[in-house]
Amino acid sequence: MEEKVSLYVVPTPIGNLGDITLRALEVLKSVDSILAEDTRTSGFLLKHYQISKPLHSFHIFNEHKALQSVIQKLKEDETMALVSDAGTPGISDPGFLLVRECLKHNLKIECLPGATAFVPALVKSGFPTNRFVFEGFLPHKKGRQTLLKELAEEERTIILYESPHRLVKTLEQMVEFFGNDRLVSVSRELTKLHEETFTGAVAETLAHFQKKEVKGEIVMIVSGKDKGRINED
């Protein structure tokens, strides 16, 4: 007899609601309940696809407290789907703790393939994709400059997430630690109406975004050290 799946990790669209997979919709319709990073955001998605399921909050501020209660429900044969506001749970979003705890309790997990913001940003940057390092969000304060110094020496393509109100500051610090000429590709509002990708030297990219109000979630792709030309292997 095939082992029953207890937890489904379900990627959701990063912008365009049409990017959800048919399998993701089937799973969301089949589970007993859904764990959501923001029940309002997920509620909008479910309403769009006419899915009605109980929604429970599961986010970075309550995941430690809620963890054991969720595990207990899963052990009692409830099936759940974990979703984040956008993209794949666990990638700079809640998910890691729950997956680890499920494995400790021998609860079966399935992670569906689907949207992840850094993949289209990486591919369209034109930078080498054979070797890359994903760093997610930089620390806001402690350890930030130390990490930037380390990344300045990284030879692989670097992937970062950033918020719109911190983008200019991050680019200013990249000028300081990476130099004016390191290539960077900044994608924002991916899959949405006002999607933009700007690729150029760090100093040029900084000047571009200093002139405008930056909106939307940001993916930054930085060329590795001494990989200073687009499409260079």
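Scroll up a little and you will see the structure.
Since the model is a prediction, treat every value here as computed from it, not as a measurement. (Residues numbered from 1 in each chain as written. Predicted model: local features only at pLDDT ≥ 70, side-chain atom pairs only at ≥ 80, totals over all residues. Heavy atoms only, no water.)

1. Details of helix α1 (residues 22-30)
Working step 1: Taken together, the buried positions of α1 are A24, L25, V27 and L28. Burial along α1 is one-sided: seen end-on, the buried residues are contained in an arc of 165°. In this structure, α1 carries L22 and E26 as exposed residues pointing more than 90 degrees from its buried face.
Working step 2: Looking at the buried positions of α1, the neighbouring elements they touch are β1 (5-9), β2 (33-36), α2 (39-48) and β4 (80-83). (Buried < 20%, exposed > 50% of the residue type's maximum accessible area, 1.4 Å probe, protein only. Helix = DSSP H or I, 4+ residues; strand = E, 2+ residues; numbered from the N terminus. Arc of directions from axis to C-beta. Contact = heavy atoms within 4.5 Å.)

2. Examining the sheet that holds β1
Working step 1: An order of β3-β2-β4-β1-β5 is seen for the five strands of this open sheet, with the pairing classed as parallel. Strands with a single pairing partner mark the edges of an open sheet, and in this sheet they are β3 (55-57) and β5 (108-111). For this sheet, the mean inter-axis angle between neighbouring strands, taken without regard to orientation, is 25°.
Working step 2: By the bridge criterion, three bridges tie β2 to β3 in an arrangement that is parallel. Residue pairing in the sheet places A36 in a bridge with S57 of β3.
Working step 3: Sheet strands touched by helix α3 (residues 63-75): β1, β2 and β4. Its angle to β4, the strand with the most contacts, is close to 145°. (Pairing = 2+ DSSP bridges. Axes fitted to C-alpha atoms, helices over the stretch in contact; angles between N-to-C directions.)

3. What to know about the packing of aromatic side chains
Working step 1: The final tally for this structure, using the stated rule, is five aromatic pairs.
Working step 2: Aromatic side chains F137 and Y161 sit 5.7 Å apart centroid to centroid with 65° between the ring planes, which places their arrangement in the edge-to-face category. With F137 in strand β6 (residues 132-137) and Y161 in strand β7 (residues 157-162), this pair connects stretches of sequence that are 24 residues apart.
Working step 3: You can call Y161 buried: its relative accessible area is 9%.
Working step 4: Of the aromatic side chains, those joined through ring pairs into one cluster are F118, F132, F134, F137 and Y161. (Phe/Tyr/Trp six-rings, centres within 6.5 Å; stacked < 30°, edge-to-face > 60°.)

4. Some details on the sheet that holds strand β10 (residues 218-222)
Working step 1: Across the sheet, which stays open at both edges, the five strands sit in the order β6-β7-β10-β8-β9 with mixed pairing between neighbours. With one partner strand each, in any of the chains shown, β6 and β9 (196-201) form the two edges of the open sheet. Put simply, the sheet's adjacent strands are angled 15° from each other on average, direction ignored.
Working step 2: In terms of strand pairing, strand β8 (residues 183-188) meets β9 through six bridges, oriented antiparallel. What sits directly across from L183, in β9, is A201.
Working step 3: Most of the contacts of helix α7 (residues 167-178) go to β10, to which it runs at about 10°, and overall it touches β7, β8 and β10.

5. Describing the pattern of salt bridges
Working step 1: Under the defined criterion, the tally for this structure stands at ten salt bridges.
Working step 2: The salt bridge partner of D38 is R40, with a shortest N-O separation of 3.1 Å.
Working step 3: Its salt-bridge partner being K212, residue E196 comes within 3.0 Å of it at the nearest N-O pair. Of this pair, E196 sits in strand β9 while K212 sits in the loop between α8 (202-210) and β10; the two residues are 16 residues apart in sequence, bridging distant segments of the chain. (Salt bridge = Lys/Arg side-chain N within 4 Å of Asp/Glu carboxyl O.)

6. A closer look at the packing of helix α6 (residues 144-152) against α7
Working step 1: One can describe the packing of α6 onto α7 by two numbers: an axis separation of 10 Å at closest approach and a directional angle of 55°. Considered as vectors, α6 and α7 are oriented oblique to each other. For α6 against α7, the interelement crossing comes out right-handed. Between α6, through R144, Q145, L148, K149, L151 and A152, and α7, the contact on the second element is made entirely by K169, T170, Q173, F177 and F178. (Parallel < 35°, antiparallel > 145°, perpendicular 65-115°, else oblique. Left-handed = near helix turned anticlockwise from the far one by under 90°.)

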